[in-house]
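Observations on chain architecture
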Amino acid sequence: MEKKTFAPSELIINEDGSCFHLHLRPEQLADRVILVGDPARVNTVAHHFDTKECEVSSREFHTITGTYKGKRITCQSHGIGCDNIDIVANELDTLANIDYTTRTERDEHRTLTMVRIGTCGGLQPFTPTGSFVASVKSIGFDGLLNYYAGRNNVCDLKLEEAFKQHMNWDPIKGAPYVSVADKELIEQIAKDDMVRGYTISCGGFYGPQGRVLRAPIADPQQNEKIESFEYDGMHICNFEMESSALAGLASLLGHRAMTCCMVIANRYAKEMNTEYKNSIDTLIEKVLNRI
């Protein structure tokens, strides 16, 4: 069967042979990838590396590939939001599975293991500031995965329906989707010292997360309904802004992915830790040792 050829307008390759946004070349990508939002946090992660192979920066996308205890690891920043995850997940996949010389899919699929280390807002009494949350399933308010064929095959449709009914979901917001993290990777990374639960990935930091400043929000009871939701013995533990797209795109593209976050604000208790950057290193070390 003739291989599909990817046109220059679809697979954009820079003159130096790197992908369009990340400016990475295929040989610079490791099989293990740690994803972080803040470009500066890449340096925090790489500070633990034993060796540093390469460093690339473009816009909010900062990359360092190196080794940690004999493991080759790429740390990649993605900025804020599921729209950026769309760029990062797709471009990492092209680096792994498309021959940039021929613009055709490689004969053998290369599977990436991607763990996002982030920060989040806790939504339950059992997720106080400083706790670590592993996102078993993520409810995407952003709608990104709805643009991809096959989304129903990688989503928990029963959980989607139960959530929409519980929330009395207004269709003007677009359909939420529920992506599923890699189960084996959750066991490998979360072990017995991370809270496991559902996560909501929001399309914004203020209104979509129920924050009210000068602009009123459409559903003032949104967060109360979210906090009370329970399905299959699990609760929604936290708000963040990327896990749904990462887990969903990874499933569609044949990769392993999950998100683990440190709670820096507890919306339930109305607490906030602005000094979290001094303590997230503990989570980084856990992931480096377990990935």
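Everything in this summary refers to the structure shown in the same document. Nothing here was measured: the structure is a model prediction, and the numbers come from that model. (Residues numbered from 1 in each chain as written. Predicted model: local features only at pLDDT ≥ 70, side-chain atom pairs only at ≥ 80, totals over all residues. Heavy atoms only, no water.)

Some remarks on the overall build of the protein chain
Regarding its fold elements, the protein chain presents eight helices and 14 strands. The C-alpha radius of gyration of the protein chain comes to 19 Å, within 12% of the 19 Å expected for a compact globule of 291 residues. Each principal axis of the C-alpha atoms in the protein chain carries an extent, and together these give about 55 × 45 × 40 Å. For the protein chain, the proportion of contacts with a sequence separation of at least 24, taken over those separated by at least 6, is 75%. For the protein chain, the exposed surface amounts to about 13,600 Å²; the carbon and sulfur share of it is 49%. With 31 positive and 40 negative side-chain charges, the protein chain shows a spacing of 2 Å between the two charge centroids. (Helix = DSSP H or I, 4+ residues; strand = E, 2+ residues; numbered from the N terminus. Rg over C-alpha atoms; globule rule 2.2 N^0.38 Å. Contact = heavy atoms within 4.5 Å. Areas by Shrake-Rupley, 256 points an atom, 1.4 Å probe, with all protein chains shown as cover. Lys, Arg positive; Asp, Glu negative; His and termini not counted. Charge placed at Lys NZ, Arg CZ, Asp CG, Glu CD.)

Notes on the state of the cysteines
Applying the stated rule across the entire model yields zero disulfides. For Cys 75, which is in no disulfide, the shortest distance to another cysteine sulfur is to Cys 54 and amounts to 12 Å. (Disulfide = S-S within 2.5 Å.)

Concerning a nonpolar patch on the surface
On the surface, Phe 205, Tyr 206 and Leu 213 cluster together to form a nonpolar patch covering roughly 340 Å² of accessible area. Here Phe 205 lies in the loop between β10 (195-201) and α6 (222-228). For Phe 205, a relative accessible area of 40% gives the class partly exposed. (Patch = residues over 30% accessible without salt bridge, like charges linked within 9 Å, V, L, I, M, F, W, Y side chains within 5 Å. Salt bridge = Lys/Arg side-chain N within 4 Å of Asp/Glu carboxyl O. Buried < 20%, exposed > 50% of the residue type's maximum accessible area, 1.4 Å probe, protein only.)

Focus on helix α5 (residues 183-190)
Along α5, the residues that are buried comprise Leu 185, Ile 186, Ile 189 and Ala 190. When α5 is viewed along its axis, its buried side chains cluster within an angular range of 105° and face the same direction. Among the exposed residues of α5, those pointing more than 90 degrees away from its buried face are Lys 183 and Glu 184. The elements touched by buried residues of α5 are β7 (113-122), β8 (132-140), β10, β13 (256-266) and α8 (281-290). Measuring from the side-chain oxygen of the N-cap residue of α5 to the backbone nitrogen of Glu 184 gives 3.3 Å; that N-cap residue is Asp 182. (Arc of directions from axis to C-beta. Polar contact = N/O pair within 3.5 Å; in protein donor to acceptor, adjacent residues only side chain to side chain.)

Brief notes about the pairing of strand β4 (residues 71-77)
Burial analysis of β4 places six of its seven residues in the buried class, which makes it a mostly covered element. Looking at chain direction, strand β1 (residues 32-36) and β4 are connected through five bridges and run parallel. Following the sheet pairing, Ile 34 is matched in β4 by Cys 75. Relative to β4, strand β3 (residues 61-68) runs antiparallel, the two being bridged by six bridges. Of the residues in β4, the one forming a bridge with Ile 64 is Cys 75. Counting the residues between successive antiparallel strands, the hairpin from β3 to β4 contains two residues, one of them, Lys 69, with a positive phi of roughly 50°. (Pairing = 2+ DSSP bridges.)

Thoughts on unusual backbone geometry
The backbone of Arg 59 shows a phi angle near 55°, a positive value even though the residue is not glycine. By secondary structure assignment, the location of Arg 59 is in the loop between β2 (51-58) and β3. Looking at Arg 59, the relative accessible area reads 71%, which means it is exposed. Its identity is not glycine, yet Asn 168 carries a phi of approximately 50°, on the positive side. Along the chain, the position of Asn 168 falls in the loop between α4 (157-167) and β9 (177-180). What makes Asn 168 exposed here is its relative accessible area of 66%.

Concerning the nonpolar core
Counting residues in each nonpolar core, the largest one holds 31 residues, and the members touching the most others are Leu 22, Leu 24, Leu 29, Leu 35, Leu 92, Leu 95 and Met 114. Mapped by element, the contributors of at least two residues to this core are β1, α2 (82-97) and α7 (243-253). The biggest single contributor to this core is α2, with seven residues. Counting residues in each nonpolar core, the second largest holds 30 residues, with Phe 49, Ala 190, Met 258 and Ile 280 among its members. (Core = buried A, V, L, I, M, F, W, Y, C linked by side-chain atoms within 4.5 Å.)

Here we look at the side chain of His 78
Within the element layout of this structure, His 78 appears in the loop between β4 and α2. When neighbours within four sequence positions are excluded, His 78 is seen to be in contact with Leu 35, Val 36, Gly 37, Glu 60, Phe 61, Asn 84, Ile 85, Val 88, Arg 116 and Glu 242.

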